[in-house]
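Summary of the model geometry
Okay, here's what each chain looks like letter by letter:
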Amino acid sequence: HDLLSLLKQLRKNDLRRFLRLATSQCSFSARRAPIPLTIHRIDKSNKLPTGRPCFHRIDIPDYQDADVLRQKMLLALVSLDDI
């Protein structure tokens, strides 16, 4: 799966951003129960992945290939720094 491959390649800081995109949190406490994340595939589009933190969900368009997924995901993650 392209997303799992991408997540395995991300640096720690980008993984924190991914978690923030999905949950509005940068980390989880070891004392809390794990929070399930949902990856929701949406129709093909050039939009960036969109976080739905209230639902612990990320909507990801069905990109044409893994390179586009990587490019769009990294752009979405970096844009979190501007918020």
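Placed above this text is the structure.
Now for a description of the structure that goes with this document. What you are looking at is a predicted structure, and each value in this text was computed from that prediction instead of being measured.

Residues Leu 3, Leu 6 and Leu 7 constitute the buried set of helix α1 (residues 2-9). Seen from one end, α1 has its buried residues packed into an arc of 100°, which puts them on one side. Facing away from the buried side of α1, by more than 90 degrees, are the exposed residues Leu 4, Lys 8 and Gln 9. Residues of α1 that are buried make contact with α2 (12-23), β1 (38-42), β3 (57-61) and α3 (66-79).

Pairing is possible between side chains that carry opposite charge, provided their charged atoms lie close to one another. According to the stated counting rule, one finds five salt bridges in the structure shown. With a shortest N-O distance of 2.6 Å, Asp 14 and Arg 17 are connected by a salt bridge. Highlighted residues: Asp 14 and Arg 17, both in helix α2, separated by three residues, approximately one helical turn. Given the relative accessible area of 5%, Asp 14 is considered buried. On the basis of relative accessibility, which here comes to 12%, the residue Arg 17 falls in the buried class. Here Arg 52 and Asp 59 are joined by a salt bridge, their closest N and O atoms 3.0 Å apart. Linked through salt bridges whose partners overlap, the residues forming this network are Arg 11, Asp 14, Arg 17 and Asp 81.

Conventions adopted
- Residues numbered from 1 in each chain as written.
- Predicted model: local features only at pLDDT ≥ 70, side-chain atom pairs only at ≥ 80, totals over all residues.
- Heavy atoms only, no water.
- Buried < 20%, exposed > 50% of the residue type's maximum accessible area, 1.4 Å probe, protein only.
- Helix = DSSP H or I, 4+ residues; strand = E, 2+ residues; numbered from the N terminus.
- Arc of directions from axis to C-beta.
- Contact = heavy atoms within 4.5 Å.
- Salt bridge = Lys/Arg side-chain N within 4 Å of Asp/Glu carboxyl O.

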